[in-house]
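# What the coordinates show
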Amino acid sequence: MPFAAYQPIAAIATTPSAILTLKPFCQASNAVLYVPQSRGLVSKPSKLQENVQFYQGSLKEHLETIWHDYKAFVFVLATGAVTRLIAPLLSDKSTDAAVLVVDEAGEFVISLCGGHQGGGDALTRLVAQTIQATPIITGASHSLNLPGIDILGLPFGWRKGSGDWTGVSAAIAKQYPVEVIQETGSTLWQNALPRDHPFQFQEGITPQGRVWIGFTQRTFNPNADIPKVQWHPRVLWVGLGCERGTPKSLIDRGLKAVFQSNHLAEAAIAGIATIDIKADEVGILQLCEERDFPLRTFSAEALKSVAVPTPSPVVDREVGTPSVAEAACLLGCGGLETKPVHLGLETKPVHLGLETKPLPSKPPHLLVKKQVYKEEGVKGAVTIAVSLAEEEFTGLGGKLFLVGTGPGALDQMTNAARSAVTEADVIIGYSLYLDLIAPLQRPGQIIESFPITRERDRAQRAIALAEWGLTVAVVSSGDCGIYGMAGLVMEELKQQDWDGKTPQVQVFPGITALQAAASRVGSPLMHDFCAISLSDLLTPWDVILKRLQAAAMGDFVTALYNPRSRQRQEQIVQAQGIFLQHRQGNTPVALVKSAYRPDEEIQITTLEQMLQFPIDMLTTVIIGNCSTYQHQDWLITPRGYLGKQ
């Protein structure tokens, strides 16, 4: 569900018209709607009733009681009133809830508070699409078509470090040059920047701000000449070995000591790795739970196969491998066990924004050799080693949105499909389809265009990015499940032994070409119909001929997709001949090119004369059945209702 990331959500309405305005949003998001206790304000029965909560007394008092229970608030109220209501409740922009204001008529949605870190700007776009309103986002980064610097790394699972975030944000807003020093992490975000962005990736210009992206810990002087901030991709794997019963507190202090002495950022820790006999070690488990670290365990045999700089015969005698901490952190990176992931092009591996580093480009690097940490008077000891992975651990559950964009006009897309496009971290598709949905794109989204005939590459790329942890929208014109990308993506997932759960997959249907074409000429599909593609690129022509014969003999209204290309000129001729064997020459035919697009062309003709008009790959051909007729400029296929009267 597009609204899942913003839950729980509270909606506030104080009038009947405000309730009606919020109704589509509440139904789509499952938000709790709060209304004042008033007889008749919410009529029964109501589809909203189960999500409606009544409050007594003043709204100000009510907000004070629920403020910490929700991540987002959507008000239908005057902006000034909302501002006064929430002002005493605000504490810090890094923790404040997202607050949106909708006007009573439902024409505008304003991102009032928590726009970046609270997700208010993104939620504003979703709400606006749901209620067909205009989003109002006033942040400087939005106007510059840039992602907020304080949310830049969130799609990749990066952790925020220290720094003057307000100062760097101000420099970006003023379009001053801001230097970026990126040691590690995906560079996909760089590919999504507009041409006139203020970021500088090379020396030569005096910067007015600096962004460090790496695994080291830097101490910034608050009185420095320029503001600086840090993002930490999660690329460090910590190998742990410890005596049985070593407390979590000791392990934690040891970890801090090792990282401080080596100037490493704890925020860059991806996870913990150890030997499998420590899978039940209480101190390690408590550390992982408290710090939200994944725990990877390996057998002694696997650890023994890793060459390390400081093997120990004592450890080998004890647990069957000469190294636990060093070998485990190297295996924890995945690089020693991971197979290369290919894009489907023999010489081109998948790149996750690391343009010079295919996956995996080289084995992980041991940054810190094993160090033993113990304290006098404290039970236990811990051995710690740290390795650097080439690819960050996102810690995120990837999603695949398979989206049908409809015939081309944005108002022909479903609200759910529009929301999916806006929510996605990455949008993948054919350039023409991407251009048609460009108004739905938001700052910071990664857009990847693939030409026609590269459909399999699109599918494999989308799967690789989703498995890594990104939310990826794969767009198709019409309905993605009808001659679209949904089937190919699902097939590729099956080939990769997909478990059906990770990455998550959601299919968003769209108005397909035959529906769009039919709607422009009347009601030709009112009785049984079928669709047949004349492209023999993936289907043998003799199979297509059998289907054409069956459709013609069965008197189905038939929609022909991909009727003619520059290379395929005769298929449509043969199709016409087959239908003329079973239907009258005056059978109505509609030729609809680019339905609902600016270059739309419509021609009503007959089966006998259809080839006298231009037909190409953007044309949908609808051949009527024996009862289809033309009235004025419309085609009608009777369903049979009049004959029953």
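Relevant structure appears above.
A few points on the structure. Everything numeric in this text was worked out from a predicted model, so none of it was measured. Each chain carries its own residue numbering, running from 1 in the direction its sequence is written. Where totals are concerned, whole chains, interfaces and linings use all residues; where local detail is concerned, this predicted model gives features only for residues with pLDDT of at least 70, and gives and counts side-chain atom pairs only at 80 or more. Hydrogens and water are ignored here; the side-chain numbers use all heavy atoms of the structure.

## Notes on the layout of surface pockets
Of the volumes computed, that of the second largest pocket is approximately 1,200 Å³. The numbering of helices and of strands both runs from the N terminus, where a helix is a DSSP run of H or I of at least 4 residues and a strand a run of E of at least 2. When contributions to the lining of the second largest pocket are tallied by element, the ones reaching two or more residues are helix H4 (120–130), helix H5 (140–143) and helix H13 (415–423). With five residues, the top contributor of residues to the lining of the second largest pocket is H4. Amino acid classes used here: Ala, Val, Leu, Ile, Met, Phe, Trp, Tyr, Cys and Pro are nonpolar; Asp, Glu, Lys and Arg are charged; the rest, including Gly, are polar. Grouping the constituent residues of the lining of the second largest pocket by class yields 22 nonpolar, 18 polar and eight charged. Only protein atoms enter the 1 Å grid, on which a cavity is a set of points fitting a 1.4 Å probe that cannot get out and a pocket is an open set with protein on both sides within 12 Å along at least 5 of 7 lines, lining residues being those with an atom within 4 Å of a point. Grid points are joined across faces, edges and corners, and a volume is the space filled by probe spheres set on the points.

## Observations concerning the nonpolar core
Nonpolar side chains in soluble globular proteins tend to end up buried together. As used here, the term nonpolar core means buried Ala, Val, Leu, Ile, Met, Phe, Trp, Tyr and Cys residues forming a set that is joined through side-chain atoms within 4.5 Å. Accessibility here uses a 1.4 Å probe with only protein chains present; expressed as a share of the type maximum, an area under 20% marks a residue as buried, one over 50% as exposed, and anything in between as partly exposed. Grouped together as the largest cluster of nonpolar side chains are 41 residues, with contacts concentrated most on Trp189, Phe199, Val211, Leu400 and Val472. A contact between two residues is defined here by any heavy atoms of the two lying within 4.5 Å. Residues within four places of Leu400 in sequence aside, it is in contact with Ala462, Ile463, Ala466, Val472, Val474, Val489, Leu493, Pro503, Gln504, Val505 and Gln506. If you look at the next biggest cluster of nonpolar residues, it comprises 27 residues, including Ala13, Phe25, Ala31 and Ala98.

## Considering the sheet that holds strand S13 (residues 236–242)
As summarised here, the arrangement of the five strands in space is S15-S14-S13-S19-S18, forming an open sheet in which the pairing is mixed. Looking at strand neighbours, the two that pair on one side only are strand S15 (295–298) and strand S18 (365–373), the edges of this open sheet. Mean inter-strand twist for the sheet, computed between neighbouring axes without regard to direction, equals 25°. Pairs of strands are assigned from DSSP output, requiring at least two bridges between the strands. Axis lines are fitted to C-alpha atoms, over the contacting stretch for helices. Their N-to-C directions set the angle, which ranges from 0 to 180 degrees.

## A few points about the side chain of Ser141
Tracing the backbone shows Ser141 in helix H5. For Ser141, a relative accessible area of 12% puts it in the buried group. Contacts described as polar in this section are N or O atom pairs within 3.5 Å, which, within protein, must combine one atom able to donate a hydrogen with one able to accept it, while residues neighboring in sequence count only if both atoms come from side chains. At a separation of 3.1 Å, a polar atom in the side chain of Ser141 contacts the side chain of His116.

## So, the environment of Ala270
Note on placement: Ala270 falls in strand S14 (residues 269–275). On the basis of relative accessible area, Ala270 is assigned to the buried category, the value being 0%. Distance from Ala270 to His232, taken between C-alpha atoms, is 10 Å for residues 38 residues apart in sequence.

## As for the packing of helix H18 (residues 541–553) against helix H19 (residues 571–580)
Between H18 and H19, the least distance of the axes is 9 Å, while the angle of their chain directions is 30°. In terms of orientation, H18 and H19 fall into the roughly parallel class. At the point where H18 passes H19, the crossing takes the right-handed sense. From H18, Trp541, Leu545, Leu548, Gln549, Ala551 and Ala552 reach across to H19, where they touch Gln571, Gln574, Ala575, Ile578 and Phe579. Here the contact of H18 with H19 is composed, by residue class, of eight nonpolar, three polar and no charged. Working rule for angles: under 35 degrees goes down as roughly parallel, over 145 as roughly antiparallel, 65 to 115 as roughly perpendicular, anything else as oblique. Two helices cross in a left-handed way if the nearer one is turned anticlockwise from the farther one by less than a right angle. They cross in a right-handed way if the turn is clockwise.

It is worth stressing that arrangement in space is one thing and function is another; only the former is reported here.
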